[in-house]
Amino acid sequence: MTPRPGTVLRPTARGVVVAVLAVLCWVLSDLTRLLPARYLAAALLLALLVGGIGIVLGSIGLRARRQVIDDAAPVGAVARVQLELVGNPPLTVLPLARGAVREHLPGALGGQGDLPLGRRRMPHVLPVRHRGTHELGPYSLLVRDLFGLFHLRRTSEDALRITGLPVLTEMAPAAERAAGITRDGALGAMAVSGVGEIGPIARPYAAGDDIRRIHWRASARTGQLMTREDEPAAGLSAVIVLDTTRRGETDPAVEDRLVSHAATVLDSLGINGWDVRIVDASGDEITRSGRRRGIPGPSLLGSEADAVEQRASLMALAGVVFDDDEAARVRVGIDHAAGQTALAIAFGVDHGDPFEGLQLDRFAGRATHRTAIALRPAYEEADGEHPRRARRIGPADGDDFGRAHEEHAAQLAAAREDAPPVRSRLGGWTLVRGTTADSLDDLLTAADAEETA
C-alpha cells in the first residue's frame, strides 16, 4: 500500500518489546527488591531515551528533492534520476540514526525499491519496462535510531513522470526493399534539387538573386527580368495503420512491439523521402512525418529539425492506447491515407483472425504495395504480482537489470527458432504473422524470401 504524504513517527516492534521489558523489570524490582532488575529497567529506559533523542534530532531539517534527468527513454533502456537532500540536516553530520529512501515506483519503472540514504546526492537509474507515461509516485525518507527502537517515515510527492518511448531501430536495406520503401526507385533514390540548381520555373527577378540564375528566354518573352526558381521534387506519400481495436485482453509487450515497429518504419520512410501519416483503427491521425530535411546534404539546421520532428512523433506514439471499440472502425469517415498514397503498412495484434473487420483497403487509397504485420506473444509471461518487499536500488541499478535483459534476450532467441514468421495473403495485402521475438527485418525479409522462392 502506497503511503500518503506526511510524517509518521512510531516505535518499532523492538522498541515495543524494550518498553514492555523495562516496565516489567521495574515492577519486578519493586516487588522483590532486586537491584539487578532495577538496573536493567533503568538501562532499557535509557536506551529508549537515547533512541528517542536520536530520532528527533535526525528528523530536523530532513527534506529531499527529486529530479528526473531523462524524462523520456526507450523501452528496455534506463532513465536517470537525481535525488538529493536539501540543506545540511544533522543526520548527515552526526551519526544519530541510519536511513534509506524508499521510492514507491510503478511496475513499469521497476517497482518499489530502496536507495541508501547518502550524505547529499543519490543519483540512480530506473529501468523503463513499458511504453507510455508513468508517474514515479511518492517517495519516503525512512529513518531509524541506532538501536532500531523508533521508526520515522516522511513521505513526499512531486508528480514527476517518465515516458517510455517506442524502440527505434535501423531497417536493413533488404527489409526496406521488401516493404516497398526503396523499391522501384522510390523518392529516396531520386535526385533532389538543391539550393542553386536550375529548375524549370521562372519568377520575376528580386533584388539579391544570383545573376547567373536569370532566365533569359523568359525575360525576353515577358519583357522583364525573370529568375529561374527551384522546383520542389515530387513527393510520395505513405500510410501506417495501427489496429488499435480492443479485442479482449492484449499483452502489453505485443502493443509495445507493434508501436516500435511502426516508429521504425516511420523513420525509414522519412529518411527515404516519403511523406508519412500514422492513423489508428478509427481513422484518426496519430502523427505525421515529412521528408527529412537533413537528408541529403550536411545541413545542421535540417538535422536539428529532423530530430525535433522525430521526438514529437515518438512522444505521440508513446501515448497510443489499444482501446478503440470495435464499432469505431465502422465510422471511418475521413481516410487520411487516401489520395496519392503509394505505400501502406498495417500493424495489429494477432488474436487468431488478424485485422478482422477493419477494412484495411479504406486506409490504403490507391497504394499498390500493401503489407500487414500481425504479432502475438512469443511466450507466456508470468503475471504474478511484484513482491511486496522492496528491492535494493544501487547507484546505477545496472547489475540486476542487465542480467534480466540477458535472460529475456535468450528467451526471445529460443522463441524465434521455434516459431518463425509465416506469410500469407489477406485480400490485396501481404500478411505476415509473427511473434514479439521477431525483429522487423526478420518479418519483412522472411516474407520476401518466401515470395521469391
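Let me begin by describing the structure that accompanies this report. Note that the coordinates shown come from a computational prediction; the quantities given were computed from them, not determined experimentally. (Residues numbered from 1 in each chain as written. Predicted model: local features only at pLDDT ≥ 70, side-chain atom pairs only at ≥ 80, totals over all residues. Heavy atoms only, no water.)

1. Quick word on the overall build of the chain
To be explicit about the condition: Runs of E in the DSSP output that reach at least two residues are strands. Runs of H or I that reach at least four are helices, and both are numbered from the N terminus. The buried label goes to any residue with under 20% of its type's maximum accessible area, the exposed label to any with over 50%, and the partly exposed label to all in between, with areas taken from a 1.4 Å probe on protein chains only. The protein chains shown are the only cover counted for residues, whose accessible areas, like all others here, come from Shrake-Rupley with a 1.4 Å probe.
Regarding its fold elements, the chain presents nine helices and 21 strands. Expressed as a percentage of the 453 residues in the chain, the buried residues total 43%. Split by element, the accessible area of the chain, about 23,900 Å² in all, is 56% carbon and sulfur.

2. Re the nonpolar core
Put simply, the rule is: To form a nonpolar core, buried Ala, Val, Leu, Ile, Met, Phe, Trp, Tyr and Cys residues must be joined to one another through side-chain atoms within 4.5 Å. By definition in these notes, contact holds between two residues if any of their heavy atoms fall within 4.5 Å.
Formed by 36 residues in total, the largest nonpolar core has its most connected members in Ile240, Leu242, Val265, Leu269, Phe347, Ile373 and Leu444. Looking at this core, the elements that each hand over two or more residues are helix 3 (173-179), strand 14 (236-242), helix 5 (252-271), strand 15 (274-279), helix 6 (300-318), strand 17 (341-349), strand 18 (369-376) and helix 9 (440-452). Apart from residues no more than four positions distant in its own chain, Ile373 is found in contact with Leu258, Ala346, Phe347, Gly348, Phe355, Val432, Leu440, Leu443 and Leu444. The next biggest cluster of nonpolar side chains, apart from the first, holds 33 residues, and it includes Leu44, Ala47, Val128 and Leu141.

3. Concerning the pairing of strand 18
Each regular strand displays side chains that alternate between the two surfaces of the sheet. For clarity, the cut-off: At least two bridges found by DSSP between two strands is the condition for calling them paired.
Among the eight residues in strand 18, seven count as buried, and that is most of the element. Both strand 17 and strand 18 contribute to a ladder of seven bridges, which runs parallel. If you follow Ala346 over to strand 18, its bridge partner there is Ala372. Note that strand 18 and strand 21 (residues 429-435) share six bridges and pair parallel.

4. Focus: the sheet that holds strand 1 (residues 6-11)
Formally: Note on method: axes are straight lines fitted to C-alpha atoms, helices fitted across the in-contact stretch only, with angles between N-to-C directions ranging 0 to 180 degrees.
Here we have six strands laid out as an open sheet, ordered 1-10-9-5-6-19, and mixed in their pairing. A single partner strand is all that each edge strand has here, and the edge strands are strand 1 and strand 19 (391-392). By the bridge criterion, two bridges tie strand 6 (residues 113-116) to strand 19 in an arrangement that is parallel. Bridging across to strand 19, Asp114 finds its partner in Arg392. Relative to the sheet, helix 2 (residues 35-59) contacts strand 1, strand 9 (139-145) and strand 10 (150-156), its axis offset from that of strand 10 by approximately 15°.

5. So, the environment of Pro74
With respect to the secondary-structure elements, Pro74 resides in strand 3 (residues 72-74). Given a relative accessible area of 36%, Pro74 falls into the partly exposed group. Contacts of Pro74, omitting those with residues within four sequence positions, involve Val128, Leu165 and Pro166.

6. Here's the deal with a nonpolar patch on the surface
In plain terms, the rule: Here, patches come from residues exposed beyond 30% relative accessible area and free of salt bridges, joined within 9 Å for like charges and within 5 Å for nonpolar side chains (Val, Leu, Ile, Met, Phe, Trp, Tyr). Between Lys or Arg on one side and Asp or Glu on the other, a salt bridge is scored when a side-chain nitrogen of the former is within 4 Å of a carboxyl oxygen of the latter.
A cluster of nonpolar side chains, Leu46, Leu49, Val50, Ile53, Leu57, Ile60, Leu146 and Phe147, forms an exposed patch at the surface whose accessible area comes to about 720 Å². Among the structural elements, Phe147 can be located in the loop between strand 9 and strand 10.

7. Points about the sheet that holds strand 8 (residues 132-135)
On the basis of which strands lie adjacent, the open sheet formed by three strands has the order 3-11-8 and mixed pairing. Edge positions in the sheet fall to strand 3 and strand 8, since each of these pairs with one other strand and no more. When the angles between neighbouring strand axes are averaged without regard to direction, this sheet yields 30°. Where strand 3 lies against strand 11 (residues 161-165), three bridges are found, and the strand directions are parallel. Its bridge partner lying in strand 11, Ala72 is registered against Thr163.

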